[in-house]
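One-letter residues, chain by chain:
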Amino acid sequence: MIRNILGSVVALAGAASAVLSPFRDWYGGRAGHDYRVRDLFEGITPAESGVLVSILLPFLAAALLVVLGVMLRSRLVVALAGLVVLGFTILWMVRQGQAAGSLVVGGDGAGLQVGVVNALAGGVLMLIGALLMSGGRSRRERRAVWEREPVEPFAVPAADQVDTWPPTQEPGMSVQTSPWPEPEVEPYTGPDPRDARTRSYPQAAPHPEDDPRDPVHPPHRPPPPPQG
């Protein structure tokens, strides 16, 4: 996350530097937006150029690629934008060297000037930003993480909310088979008459009211028939 933020900031700074560079002097006091895009392929001419058909056009396209790459967290798109800026800048340097006979760097405004530096720095910053970005996870990586992490269908409730399990959001016992509370059966019910070792033990007389099977509704003996 931090790498993506840092890389995005660096790449956006590079895009801003590249877009501003055509508005500064490039060579011999001539601004970058005075060079037509077609001059980069056909040769530098002294003809003036409109802003939208100048070297600013590929730099704007590269800036849009940077914004798209940051939104998609795509290192490839950001790196492509940096290569576009560097490629057009180097191509201009080649054409300008052919037109002037040589490229010189002069402080008196007769050679390469700050606009070229801004363009080169912008392209380099875009590439650095692409390297800093960690990028988004691929579909295979997301599927591997999803398969590795266990999926719990329901969250376990807190200790003071045990009556809400399963999570039906309704109070009460989780399983109720009767409207009455479940009886507690005495664990010891006496000797087993089927066991030869305890068959001789005295047996307690069963009482209906002591029947553990249904303490709420114990069985009752039918009344004796009337004596006629």
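In what follows, the accompanying structure is described. Just so we're clear, the structure is a prediction, and the values are computed from it rather than from any experiment.

### Remarks on the packing of helix α3 (residues 56–72) against helix α4 (residues 75–100)
With their axes 7 Å apart at the nearest point, α3 and α4 run at an angle of 165 degrees to one another. Overall, the two elements α3 and α4 adopt an arrangement that is roughly antiparallel. By crossing handedness, the relation of α3 to α4 is classed as left-handed. Between α3 and α4, the residues in contact are P58, F59, A62, L65, V66, G69 and V70 and V77, V78, L80, A81, V84, V85, F88 and T89, respectively. Its residues assigned to classes, the contact of α3 with α4 comprises 13 nonpolar, 2 polar and no charged.

### Remarks on the nonpolar core
Counting residues in hydrophobic clusters, the biggest one holds 26 residues, and the most contacted among them are W26, W92 and M126. If you list the elements that add at least two residues to this core, you get α1 (2–20), β1 (25–27), α3, α4 and α5 (114–132). Aside from chain neighbours lying at most four places away, what touches W92 is W26, Y27, Y35, L40, I44, I55, L112 and V116.

### Side note on the pattern of salt bridges
Between side chains of opposite charge, pairing is possible as soon as their charged atoms come close. Applying the stated criterion to the full structure yields 2 salt bridges. Here D39 makes a salt bridge to R36, at a shortest N to O gap of 2.9 Å. Assessed through its relative accessible area of 1%, D39 is described here as buried. The partner of R38 in a salt bridge is E42, and the shortest N-O contact between them spans 3.2 Å.

### Quick word on α3
Helix length check: α3 (17 residues) gives 24 Å between terminal C-alpha atoms against 24 Å at 1.5 Å per residue, within 8%. Buried residues of α3: L56, P58, F59, A62, A63, V66 and G69, and no others. Down the axis of α3, the sector holding all buried residues measures 160 degrees, keeping them to one side. Of the exposed residues in α3, the ones pointing more than 90 degrees away from its buried face are L64, M71 and L72. For α3, the secondary structure elements touched by its buried residues are α1, β1, α4 and α5. A positive phi of about 55 degrees marks R73, the residue just after α3.

Cut-off values and rules
- Residues numbered from 1 in each chain as written.
- Predicted model: local features only at pLDDT ≥ 70, side-chain atom pairs only at ≥ 80, totals over all residues.
- Heavy atoms only, no water.
- Axes fitted to C-alpha atoms, helices over the stretch in contact; angles between N-to-C directions.
- Helix = DSSP H or I, 4+ residues; strand = E, 2+ residues; numbered from the N terminus.
- Parallel < 35°, antiparallel > 145°, perpendicular 65-115°, else oblique.
- Left-handed = near helix turned anticlockwise from the far one by under 90°.
- Contact = heavy atoms within 4.5 Å.
- Nonpolar A, V, L, I, M, F, W, Y, C, P; charged D, E, K, R; others polar.
- Core = buried A, V, L, I, M, F, W, Y, C linked by side-chain atoms within 4.5 Å.
- Buried < 20%, exposed > 50% of the residue type's maximum accessible area, 1.4 Å probe, protein only.
- Salt bridge = Lys/Arg side-chain N within 4 Å of Asp/Glu carboxyl O.
- Expected span 1.5 Å × (residues − 1).
- Arc of directions from axis to C-beta.

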